[in-house]
Number of protein chains: 4
Amino acid sequence: MLMDLKKKVYEANIELQKKGLVIYTWGNASEIDQKKKLVIIKPSGVPYEKLTSEMMVVVDLNGQIIEGNYRPSVDTKIHLDLYKAFPELGGIVHTHSTYATAWAQAQKSIPCFGGTHADYFFGEVPCTRPLTEQEVEESFEGETGKVIAECFATKKPLDVPGVLVASHGPFSWGKDCHQAVFNAVVLEELARMALFTIQINPEIQSIPQSLLEKRYLRKHGKDATYGQII
Amino acid sequence: MLMDLKKKVYEANIELQKKGLVIYTWGNASEIDQKKKLVIIKPSGVPYEKLTSEMMVVVDLNGQIIEGNYRPSVDTKIHLDLYKAFPELGGIVHTHSTYATAWAQAQKSIPCFGGTHADYFFGEVPCTRPLTEQEVEESFEGETGKVIAECFATKKPLDVPGVLVASHGPFSWGKDCHQAVFNAVVLEELARMALFTIQINPEIQSIPQSLLEKRYLRKHGKDATYGQII
Amino acid sequence: MLMDLKKKVYEANIELQKKGLVIYTWGNASEIDQKKKLVIIKPSGVPYEKLTSEMMVVVDLNGQIIEGNYRPSVDTKIHLDLYKAFPELGGIVHTHSTYATAWAQAQKSIPCFGGTHADYFFGEVPCTRPLTEQEVEESFEGETGKVIAECFATKKPLDVPGVLVASHGPFSWGKDCHQAVFNAVVLEELARMALFTIQINPEIQSIPQSLLEKRYLRKHGKDATYGQII
Amino acid sequence: MLMDLKKKVYEANIELQKKGLVIYTWGNASEIDQKKKLVIIKPSGVPYEKLTSEMMVVVDLNGQIIEGNYRPSVDTKIHLDLYKAFPELGGIVHTHSTYATAWAQAQKSIPCFGGTHADYFFGEVPCTRPLTEQEVEESFEGETGKVIAECFATKKPLDVPGVLVASHGPFSWGKDCHQAVFNAVVLEELARMALFTIQINPEIQSIPQSLLEKRYLRKHGKDATYGQII
């Protein structure tokens, strides 16, 4: 069932490790089959070295395991909540990549300090508010999707393809799981550059809205001039 | 004698180097055979390139060499004192990994700033008090076990599987030497993330106790939901 | 057409990736054929893994594509403006290398803190002023060459073979594209060292002019003593 | 002539690159033949990829080339001055390794913050005073040996096997060129750890003299307990 998609999700998970974003089992990638409303996701706690395509778990949007001999990632509920909240998403990635996690732990959004950032994220990478004591008590996995959605009340998720969950780490996404991995790599590099930027100049401000728009729209949307016409 | 365990301890020592935690001879791993009360440990000052399983040294809990043609690690007394103070430990690792050592040199415990930390360490990674002038005079290796034990007066060592020895560096442990290596890698990454976290937000506080408990108990204890049921 | 030069420019682009200065498509190298007034440059948005010599694009100084099946880099106008403003340049490189980009985002010139810097850059690596709102509106790629040229009103471009474009990233150059790559690597390392230098001593000043001259002229100009006489 | 020693010095130079201490031509290693009073040193400006044993240059203590088809390193005079000032040295290394150079550029000695440092350097790694305007005018290479020697008026060079030259970078040494390389690697790691240490705790002080002595003498001198008895 869904063998091609399992292979694709497997490869996306492996790519996370190759790009240096995860050690041990610290990350997961998923993709949704939009027609069948089924999500393929990494099994929980299996080291990348032992992972195979066949181990990928198929769940429905309620979290029921439809196929698979393994328990899905403990972050599955967050993935599912994001697919439900943002129907335009095709793939989602979660990591504990060092610099993005540091911003998440610091509970600070990453300001847009330059063109590298503006090329991929249309504005700051938001950091969620911390969960309340009560939300934690109820279910911190269950409430995480909600606080992420709060951040995107006035943003389009594909224009800002990632978020920092306070005291946790980054989630990123895209049209499919490979684009979600790409955005995870970009986000980690932006987080790294941004830390060094504020260390060099603690007074520095975000770039003006006009430059942000020029840069972002050069690469995205119908008037993009970047890349090849396919 | 104990050939399997020697091989295991040898592999754990090699793993320290592969994971980038040690250069030259700057680290050592050991494991205890709980029935025979014998400890297998790396020989002193032998470069990892020249190390073999056969070179591992067998000592008893008094530090007497039971088998081996090499002198054991100069840190052997600290390992033995930890095995004696914390009978639940099966393996111990010491390194001079860069970021964990920096926190130890700074004489600061690593606060729990997020889920990555809370998944493996149930609260801050404590830093010992500095040795007194008199303790140094007597024997700094001899007194190190004592100041570590002081830190764990109210903690369970397997819940907080590592410590920073002030002005020295990290020790970590686990049920066996491989888990001790795993915790050494985790500790180094937590130390790195924590430095960047305070650089981004010097005012940031530890996560609340309720979140710490939720995260830690998701991965540990009888109600854990993480990973596969074996 | 210009097959040798295409191969050379291809190799320079690949070298950027090998040296760790670019991820994905985040960089470009070009060289000018001074007799024909034609510039060879990387195609836009093509990943380094898929790049071949044949894909290199030939443009004239007005940006007209003379040969090639691909659209040239979106930064082509900046390269052309620099070749026109500084006729002594033979090759140009643009990257988003982490530390140099951080200085550019911080909108700070890199002071000359020591011999490593003075050996290759005769004084600070200047950071351009930010573009005005109006310049951004008109064309940020179009105006970038202009603000770079402003920085070099009183400098010789081959004596200071690189610049930071505010809120964007570094450009470097040389007598050919390989020297431009070399200077991009040097610039990134200087940016890294300079950040650590001000972290260790925020009060530190640039080296005096006399030392700058001694160091730089040891390696450059008719009285150079460095290297071999060829 | 001195083929074995040339090979050894060649290997030491290559090791500098393997250990990540040098890029391009940014470093040099030498060794002295104490009987013949001849020094073997790397040729100037030759990339490591093209280096061979045969290219090593033989000079006498006055800097006269005794054998070799290449010009010796521009830093040769500094090496020679150190061999003359400190007759106990057998090998010398100079690099522009990132963190040690940052401390040199910051014009700060590296305090001894812990055991890693104390195991190899008996006290702080001193930073020379800056050269005066007049010294620079005369000859900055010529005066560098002098300001290094000033730092060691009350230190034994083999107990503190390295120095930071202000606004320049590190020199290290040992009984032969391999030990000098070893100390260059150690110095770079100490410089890195020390930066992170002061970032975590800007108030931190050097370790007390008693601990410094215990640590250092555990590894050095007639009562050393570290390593194997050979």
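In this text the structure is predicted, and so the values were computed from the model without any measurement.

Reading the values: rules and limits
Residues numbered from 1 in each chain as written. Chains lettered and ligands numbered in written order. Predicted model: local features only at pLDDT ≥ 70, side-chain atom pairs only at ≥ 80, totals over all residues. Heavy atoms only, no water. Buried < 20%, exposed > 50% of the residue type's maximum accessible area, 1.4 Å probe, protein only. Helix = DSSP H or I, 4+ residues; strand = E, 2+ residues; numbered from the N terminus. Pairing = 2+ DSSP bridges. Contact = heavy atoms within 4.5 Å. Buried area = accessible area lost by both parts, 1.4 Å probe. Salt bridge = Lys/Arg side-chain N within 4 Å of Asp/Glu carboxyl O. Polar contact = N/O pair within 3.5 Å; in protein donor to acceptor, adjacent residues only side chain to side chain. Nonpolar A, V, L, I, M, F, W, Y, C, P; charged D, E, K, R; others polar.

Here is the key point about a regular strand: its side chains alternate between the two faces of the sheet. Residues and elements named next belong to chain B. The two faces of strand E3 (residues 57–60) match: Val 57 and Val 59 on one face and Val 58 and Asp 60 on the other face are all buried. The pairing of strand E2 (residues 38–41) with E3 spans four bridges and is antiparallel. From the neighbouring strand, Ile 40 faces E3, where its bridge partner is Val 58. With antiparallel pairing between neighbouring strands as the criterion, E3 and strand E4 (residues 65–67) make up a hairpin whose turn holds four residues, including Gly 63 at a positive phi of roughly 90 degrees.

Each partner contributes residues to the interface: chain D has 34 residues there, and chain C has 32 residues. Contact between chain D and chain C buries roughly 3,100 Å² in total, counting both sides, with carbon and sulfur atoms accounting for 58%. For chain D, the biggest contributors to the area lost against chain C are D:Tyr24, D:Arg71 and D:Gln105; these three give 23% of the whole. Viewed at the interface, chain C and chain D are joined by one salt bridge. Note that D:Asp75 and C:Arg218 form a salt bridge whose closest N and O atoms lie 3.8 Å from each other. At the junction of chain D with chain C, the criterion picks out 16 residue pairs in polar contact (both at pLDDT 80 or more). Those elements that provide at least two residues to the side of chain D that touches chain C are helix H3 (98–106), helix H5 (133–151) and helix H6 (177–200) of chain D. With seven residues, the single largest contributor to the side of chain D that touches chain C is H3(D). Tallied by class, the residues present in the side of chain D that touches chain C amount to 15 nonpolar, 12 polar and seven charged.

Here we come to the interface of chain B and chain A. Listed by partner, the interface residues are 32 residues for chain B and 34 residues for chain A. Across the chain B/chain A interface, buried area totals approximately 3,100 Å², and carbon plus sulfur atoms make up 59% of it. Our enumeration of links across chain B and chain A arrives at one salt bridge. Taken together, the connections running from chain B to chain A amount to 16 residue pairs in polar contact (both at pLDDT 80 or more). Elements that contribute at least two residues to the side of chain B that touches chain A include exactly helix H4 (115–118), helix H6 (177–200) and helix H7 (209–219) of chain B. Considering each element in turn, the side of chain B that touches chain A owes the most residues, 10 residues, to H6(B).

Read these as spatial facts, not as claims about activity.
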